[in-house]
Amino acid sequence: MTRTDLRVDMTADDTALLRLLGVVRRRGFAVRTIEAQELGECSLGVSMTIESARPVEVLVRQIDRIIGVTRVSISTPPTPPVTTGDPSGVRASAVA
């Protein structure tokens, strides 16, 4: 199972959030966290963490087709620092 963070901006009407959650559920994704906030008088920003073995790109295309959705983006998790050389972290000094 893969967890993915999504950001969805949409118009803030009475059923917008219900349409979004319905599409997520019907496509086989589980909502693990969700947070919604007003972006303005008529818009809503929704951040959610979803989980599934299915490819998230299919879900993103479906969400983008929902009436009232203005933007969908996948939040990429921070990448760990790249380490090279000795895995112990100790650097060997050069001998001249």
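Residues numbered from 1 in each chain as written. Predicted model: local features only at pLDDT ≥ 70, side-chain atom pairs only at ≥ 80, totals over all residues. Heavy atoms only, no water.

Peer 1: Describe the environment of Glu41, listing the residues and the values that go with them.
Peer 2: Looking at the secondary structure, you find Glu41 in the loop between β2 (30-38) and β3 (43-52). On the accessibility criterion, Glu41 (76% relative accessible area) is exposed. Linking Glu41 and Ala12, residues 29 residues apart in sequence, is a C-alpha distance of 8.0 Å. (Helix = DSSP H or I, 4+ residues; strand = E, 2+ residues; numbered from the N terminus. Buried < 20%, exposed > 50% of the residue type's maximum accessible area, 1.4 Å probe, protein only.)

Peer 1: Can you lay out the pairing of β3 for me, pointing to particular residues and giving the numbers?
Peer 2: Taken residue by residue, a regular strand's side chains alternate between the two faces of the sheet. For β3, the buried fraction is high: eight of the 10 residues fall into the buried class. Pairing geometry for strand β1 (residues 2-11) and β3, over 10 bridges, is antiparallel. Bridging across to β3, Leu6 finds its partner in Met48. Summarising the sheet, β2 and β3 pair through eight bridges and their orientation is antiparallel. Counterpart to Val31 in the pairing with β3 is Ile50. The turn linking β2 back onto β3 is made up of four residues. (Pairing = 2+ DSSP bridges.)

Peer 1: Outline the nonpolar core, listing residues and values.
Peer 2: Counting 19 residues, the largest nonpolar core has Leu20 and Ile63 as the members making the most contacts within it. Only β1, α1 (16-26), β3, α2 (56-64) and β4 (69-75) provide two or more residues apiece to this core. Ignoring any residue separated from it by four or fewer positions in sequence, one finds Leu20 in contact with Val8, Met10, Val46, Met48, Ile63 and Ile66. (Core = buried A, V, L, I, M, F, W, Y, C linked by side-chain atoms within 4.5 Å. Contact = heavy atoms within 4.5 Å.)

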